[in-house]
Each structure stands twice: as C-alpha cells, then as structure tokens.
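A structural walkthrough
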Amino acid sequence: MSQEEKTSYSKEELQEFEVLINDKLAVAKEELLQLKRSLSKQNDSGTDNTASTSKILEDGADTLERENLSQLAARQQKFIINLENALRRIKNGTYGVCVDTGKLISKERLRAVPHTMHSIEAKLAKK
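Given the structure is predicted, the values throughout are model-derived calculations rather than measurements. (Residues numbered from 1 in each chain as written. Predicted model: local features only at pLDDT ≥ 70, side-chain atom pairs only at ≥ 80, totals over all residues. Heavy atoms only, no water.)

1. Some words on the overall build of the protein chain
- Helices and strands together make up the secondary structure of the protein chain, namely four helices and zero strands.
- Shown N-terminal to C-terminal, the secondary structure of the protein chain runs as helices and strands in the order α-α-α-α.
- The buried share of the protein chain, taken over its 127 residues, is 26%.
- With the model as given, the accessible surface of the protein chain reaches about 8,700 Å², and the carbon-plus-sulfur share is 53%. (Helix = DSSP H or I, 4+ residues; strand = E, 2+ residues; numbered from the N terminus. Buried < 20%, exposed > 50% of the residue type's maximum accessible area, 1.4 Å probe, protein only. Areas by Shrake-Rupley, 256 points an atom, 1.4 Å probe, with all protein chains shown as cover.)

Right under this line is the structure:
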C-alpha cells in the first residue's frame, strides 16, 4: 500500500513519532528553563556603583538582552505547546494528516517538523 493510499499511520509509526516528540519536548523544556533562569539573573544588576554614563549604556544593553531573551522564551513556549498538541493528535488518531488536504503528511516532513499539521504541498500553496 503506497503512502497516498493510507489515511493514517500505524500504531508502530505513531509510536516512533511519539518518542521523537517526547525527546524534542524534553530538550525544549530544558532550554525554556535555561532562558527563564537567564532572565531572572538579568534582573539582578551588579552595576550599582558604576559611573552614571556607563550605567545608562549598560542598562540599555541589559534591556535589549532581556527583550531578546523574552522573545526567545515566548517562541520556545509556543514550540512546547505545539509539541504537546502533536502528542494529543497522536492520542486521538489525527496525527500526520494534513488539515488542509486531508492527506497523509510525509514521514520525512514529520521527522523534520514533528508538530506540523500541514503537508509540504499545503504549506507551499499558502505562500
């Protein structure tokens, strides 16, 4: 049976994707934790006794870095949510099916982007 004829992945195939997603989820959660730690350390300023001009420059750099870390943390949180949603789709049997075309998403695409809900064809058609 070719991939185009299949309407869903087998339990074994889904289990492979579940392991992949759980591995990525563990790494993503650890990275988010590191970002949150970095953000909390940013709030601990050790430059209280520096000259005022240098303090202003440092504050600006600290603010920029804090904003960048916050953006990275927000992106990481969104990634975690997407991975968790993919695990739910595995449980309810809809994982690997394109929401636009209703066709099976290629294994290669799912291995590269395990939380995707769109086939390459559907993604390219949206551009």
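2. A look at the side chain of Arg89
- Assignment of secondary structure puts Arg89 in helix 2 (residues 52-92).
- Buried charge without a salt bridge: Arg89, with Glu84 as the nearest opposite-charge side chain at an N-O distance of 11 Å. (Lys, Arg positive; Asp, Glu negative; His and termini not counted. Salt bridge = Lys/Arg side-chain N within 4 Å of Asp/Glu carboxyl O.)

3. Focus on the pattern of salt bridges
- Within the structure shown, the criterion is met by five salt bridges.
- Glu13 serves as the salt-bridge partner of Lys107, at 2.7 Å between the closest nitrogen and oxygen. Of this pair, Lys107 sits in helix 3 (residues 107-112) while Glu13 sits in helix 1 (residues 11-42), and the two are 94 residues apart along the sequence.
- With relative accessibility at 21%, the residue Lys107 sits in the partly exposed group.
- Assessed through its relative accessible area of 13%, Glu13 is described here as buried.
- With a shortest N-O distance of 2.7 Å, Lys91 and Glu18 are connected by a salt bridge. In this pair, Lys91 is assigned in helix 2 and Glu18 in helix 1, connecting sequence segments 73 residues apart.
- Among the residues examined, Lys91 registers a relative accessible area of 62% and is labelled exposed.

4. Digging into the packing of aromatic side chains
- Enumeration over the complete set of coordinates arrives at two aromatic pairs.
- Between Phe17 and Tyr95, the aromatic rings sit 5.4 Å apart at their centres with planes inclined by 50 degrees, giving tilted as the arrangement. One end of the pair, Phe17, is in helix 1; the other, Tyr95, is in the loop between helix 2 and helix 3, with 78 residues separating them in the sequence. Across this residue pair, the class does not change: Phe17 and Tyr95 are buried.
- Taken together through their ring pairs, the aromatic side chains of Tyr9, Phe17 and Tyr95 make up a single cluster. (Phe/Tyr/Trp six-rings, centres within 6.5 Å; stacked < 30°, edge-to-face > 60°.)

5. Considering the side chain of Ser119
- Position of Ser119 among the secondary structure elements: in the loop between helix 3 and helix 4 (120-126).
- Judged by its relative accessible area of 3%, Ser119 is buried.
- A distance of 3.2 Å separates a polar atom in the side chain of Ser119 from the backbone nitrogen of Ala122. (Polar contact = N/O pair within 3.5 Å; in protein donor to acceptor, adjacent residues only side chain to side chain.)

6. Comments concerning the confidence of the model for the protein chain
- With 82% of its residues at a pLDDT of 70 or more, the protein chain shows a mean pLDDT of 86.
- Element-level pLDDT for the protein chain is lowest in helix 2, with a mean of 87, against a maximum mean of 96 in helix 3. (pLDDT = per-residue confidence, 0-100.)

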